[in-house]
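# Structural description and commentary
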Amino acid sequence: MLTDYHVHLRPDEDDSPADRYFTAANADRYREAAAERGIEELGVAEHVHRFVQSLDVWTHPWYRHWARDDVDEYVEFLRASGLKAGIEADFLPAREDRLASLLDRRDWDYVVGSVHFLRDEAVDFHGYPDWEPWNIWRGADPEKVWARYFETLGEAARSGLFDVLAHPDLVKVWGSRVPVPEGDLRRFYDRAMEGIAESDVAIEVSTAGLRKPVREIYPAPAFLEMCLEAGRPVALSSDAHVPEQLGHEYERAVELLRGLGVEEVAVFERRARRLEELG
Ligand SMILES: [Zn+2]
Ligand SMILES: [Zn+2]
């Protein structure tokens, strides 16, 4: 079984309205591309900030910029299309209850949880002039950013809000374009591990990092190894934003997983998880 659950039906660009991308024809394009690549389980996880309802959770300028669509219409569309229904939601400390009320009253197959923001600043905004005030890398000490990032990731796991922890070491996304801590990175991973070990969350292995400046799979093998030791299952995704990216470089992900003795991947249905043989 191969899965692709962390999938977007449109690019992260302005002028990408729901009525152009949340269509039966577009769903078919994704379904066909998935079938060609042997992906049996296909689901969509649109960013929470694309929905007007997210403004009840947070009113950050990033959310205000994007929030246009109706989340219930989105879920209805996915149910009608036969694609698994997911969402990619930010973990925002102190806003757990607000996010829970957005999530709890909708019929998801799974919820993907991401740490993009540390307070008001994002780890993945580097190099976008419009968003520079919210770029965490402006003069930041990488030791502090990485420590805060992994602490927040552990809290995200512990929150119980999410079925899958997305791109778990996203903080590395820019590679050497931003300062990177030196030495053994496990001192940072340790900060997330207690929360992860005490949670029931699946750890996403994402090939999206191969398309980013870092050119690595998320997460690093050492991080994944620690999660496996903590008994966590693995969810496999590409974070595709166009059909051509579905299953992107999965050979490398499968090789990584087999090398670490992983033989099963998580499959989700109406927020229940089971394991299927990887392959
Ligand atoms: Zn993300
Ligand atoms: Zn995503």
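Everything that follows concerns the structure shown earlier in this document.
Here is a short report on the structure shown in this document. One numbering rule holds for all chains: residues counted from 1, following each sequence as written. To read the labels, note that chains go from A and ligands from 1, taken in the order they are written. In view of the model being predicted, local features appear only for residues whose pLDDT reaches at least 70, and side-chain atom pairs are presented and counted only at 80 or more, with totals across whole chains, interfaces and linings using the full set of residues. Values shown for side chains rest on all heavy atoms present in the structure; no hydrogens or waters enter the calculation.

Let us look at the coordination of the zinc ion (ligand 2). For Na, K and Ca the donor cut-off is 3.2 Å; for every other metal, N, O and S atoms count as donors within 2.8 Å. Water does not enter the count, which can leave sites looking incomplete. Taken together, the protein ligands of the zinc ion (ligand 2) are His6 (NE2), His8 (NE2), Glu88 (OE) and Asp239 (OD), with distances of 2.1 to 2.4 Å. Tetrahedral means four donors with every angle between 85 and 135 degrees, whereas square planar (four donors) and octahedral (six donors) require angles over 155 degrees between opposite donors and between 65 and 115 for all others; sites fitting neither are termed irregular. Bound by four donor atoms, the zinc ion (ligand 2) shows angles of 82 to 164° at the metal and therefore irregular coordination geometry. In the primary sequence, the donor residues of the zinc ion (ligand 2) line up as H-x1-H-x79-E-x150-D.

Turning next to the coordination of the zinc ion (ligand 1). Every protein donor of the zinc ion (ligand 1) is accounted for by Glu88 (OE), His116 (NE2) and His167 (NE2), and the metal-donor separations fall at 2.1 to 2.3 Å. Sequence positions of the donors to the zinc ion (ligand 1) reduce to the motif E-x27-H-x50-H. Taken as a pair, the zinc ion (ligand 1) and the zinc ion (ligand 2) lie 3.6 Å from each other and share Glu88 as a ligand. Taken as a pair, Glu88 in strand E3 (residues 84-90) and His167 in the loop between strand E7 (164-165) and helix H7 (186-197) lie far apart in primary sequence, 79 residues in all. This pair shows no difference in class: Glu88 is buried, exactly as His167 is. A run of DSSP states H or I qualifies as a helix once it reaches four residues; a run of E qualifies as a strand once it reaches two. Both are numbered from the N-terminal end. The buried label goes to any residue with under 20% of its type's maximum accessible area, the exposed label to any with over 50%, and the partly exposed label to all in between, with areas taken from a 1.4 Å probe on protein chains only.

This part covers unusual backbone geometry. The omega torsion of the bond from Tyr218 to Pro219 falls at -10°, within 30 degrees of zero and hence cis. Following the sequence through the fold, Pro219 ends up in the loop between strand E8 (202-206) and helix H8 (221-229). Residue Arg271 is not a glycine yet carries a positive backbone phi of 65°. Along the chain, the position of Arg271 falls in the loop between strand E10 (264-269) and strand E11 (272-277).

This brings us to the pairing of E8. The buried fraction of E8 amounts to five of the five residues, a majority that puts the element mostly inside the structure. Of the two faces of E8, both are covered, the one formed by Ala202, Glu204 and Ser206 as well as the one formed by Ile203 and Val205. Whether two strands pair comes down to DSSP finding at least two bridges between them. Strand direction decides the pairing type here: E7 and E8, joined by two bridges, are parallel. Bridging from a neighbouring strand, Val164 pairs with Ala202 of E8. Classification remark: right-handed applies to a crossover when, strands pointing away from the viewer, the course from the first strand over the helix to the second runs clockwise. Handedness of the crossover joining E7 and E8 through H7 is recorded here as right-handed. Note that E8 and strand E9 (residues 234-237) share four bridges and pair parallel. Counted as the bridge partner of Ser206 is Ser237 from E9. This β-α-β element, E8 to H8 to E9, shows right-handed connectivity.

Time to look at the pattern of salt bridges. Throughout this description, the term salt bridge denotes a Lys or Arg side-chain nitrogen within 4 Å of a carboxyl oxygen of Asp or Glu. Per the stated rule, a full pass over the model turns up 24 salt bridges. The salt bridge involving Lys172 is made with Asp169; its shortest N-O contact spans 3.0 Å. Exposure class is identical for Lys172 and Asp169. Each is buried. Between Glu276 and Arg274 there is a salt bridge, with the nearest N and O atoms lying 2.9 Å from each other. Because the salt bridges share partners, they merge into one network encompassing Arg79, Asp107, Asp109 and Arg270.

The values are spatial; any link to function lies outside them.
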